[in-house]
Amino acid sequence: MSEEDTLLQFPTDFPIKIMGRRRVSPNGGDEFVQTMVELVLRHAPDFRAESVEMRVSGSGNYLSVTCVVRATSKAQLDALYREITAHPFTARRSPDAADEIWLLEHPPVYTQGQAGKAEHLIAATDIPVVPIDRGGQITYHGPGQVVAYVLIDLRRRGYGIRELVKRMEQAVIDLLAEQGVAAARLGGAPGVYVDGAKIAALGLRVRHGCTYHGLSFNVDMDLGPFAAINPCGYAGMRVTQCRELGVRLSPQAAGVALARCLQHAIHA
């Protein structure tokens, strides 16, 4: 897709928001923040590390990190987005490396899986479409949606990708049950649904027995951009979010709850 096809004007500001578990490094900083800054600098050499803003969760165990990168071309934007979503942790991890869950909020973007079909983008839009190497069709990410990148060594867990998908779905079902919302799976369509409307989408990739990519969970967002696509390749698929169901969680609080439920489901 060309830069003209995206209808974006470059240069453009690319906001990044990631939440992860705090890890103090030997120099007294935080490894999570250092890793993110190193990742961004590979694609935006003029990025100023001092512009990073951090918030610590109420428990003190998680950091929310935000920054804005100025992208001068679609190629630069695509490269940065792909590296964030296919974090190099998976490629370089050792057999004894601990599993990780990364939590993000993306700027408005459509992602198209490896087998994605162009016809599932059904309306003109100025939101960029980024091809990535997960499974599945097109979906939308935007502010107010929690995206969890699940970096799991399946060999160590002793089960396969289908079981992991089932456990990830169960984590969302359990989280919503805690909030008084009955959610369920839908046969033949991975994800989590409330009264037939999708609230969480899944898309994974396995490399050397380890997973990356993960799931998106609609919390408090603008659902309008879903109207321009067949969500996950299903024409007429309805989508919903926590706010519409009366669940009053902020994206940050929902992310912490999702991480807890994922950890329990994955390691049970």
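The shown structure was predicted, so the numbers you read here are calculated from the model rather than taken from an experiment.

What counts, and at which threshold
Residues numbered from 1 in each chain as written. Predicted model: local features only at pLDDT ≥ 70, side-chain atom pairs only at ≥ 80, totals over all residues. Heavy atoms only, no water. Helix = DSSP H or I, 4+ residues; strand = E, 2+ residues; numbered from the N terminus. Buried < 20%, exposed > 50% of the residue type's maximum accessible area, 1.4 Å probe, protein only. Contact = heavy atoms within 4.5 Å. Core = buried A, V, L, I, M, F, W, Y, C linked by side-chain atoms within 4.5 Å.

**Student:** Got a sec to walk through the overall build of the chain? Specific residues and values, please.
**Tutor:** Helix and strand counts for the chain come out as seven helices and eleven strands. Per-residue burial for the chain yields a buried fraction of 55% across its 268 residues. For the chain, the proportion of contacts with a sequence separation of at least 24, taken over those separated by at least 6, is 69%.

**Student:** So what's going on with the environment of Met-221? Which residues, and what values?
**Tutor:** In this fold, Met-221 is placed in the loop between β11 (210-218) and α7 (251-267). Distance from Met-221 to Pro-251, taken between C-alpha atoms, is 9.2 Å for residues 30 residues apart in sequence. The contacts of Met-221, once residues within four sequence positions are left out, are Tyr-140, Gly-142, Pro-143, Gly-144, Gln-145, Phe-226, Gln-241 and Arg-243.

**Student:** Quick one: what's the story with the environment of Met-237, residue by residue and with numbers?
**Tutor:** For Met-237, the location among the structural elements is in the loop between β11 and α7. Each C-alpha atom, one on Met-237 and one on Ala-227, is 9.5 Å from the other, the two residues being ten residues apart in sequence. Filtering out sequence-adjacent residues up to four positions away, Met-237 remains in contact with Tyr-193, Gly-196, Lys-198 and Pro-231.

**Student:** So, the nonpolar core: which residues are in play, and what are the values?
**Tutor:** In terms of nonpolar packing, the biggest core is built from 38 residues, with Leu-176, Leu-215, Phe-217, Leu-258 and Leu-262 touching the most fellow members. Contributions of two or more residues to this core are made by β4 (100-105), β8 (145-151), α6 (161-178), β9 (192-194), β10 (197-207), β11 and α7. When near neighbours in sequence (up to four residues on either side) are disregarded, Leu-258 contacts Val-146, Ala-148, Val-172, Leu-175, Leu-215 and Phe-217.

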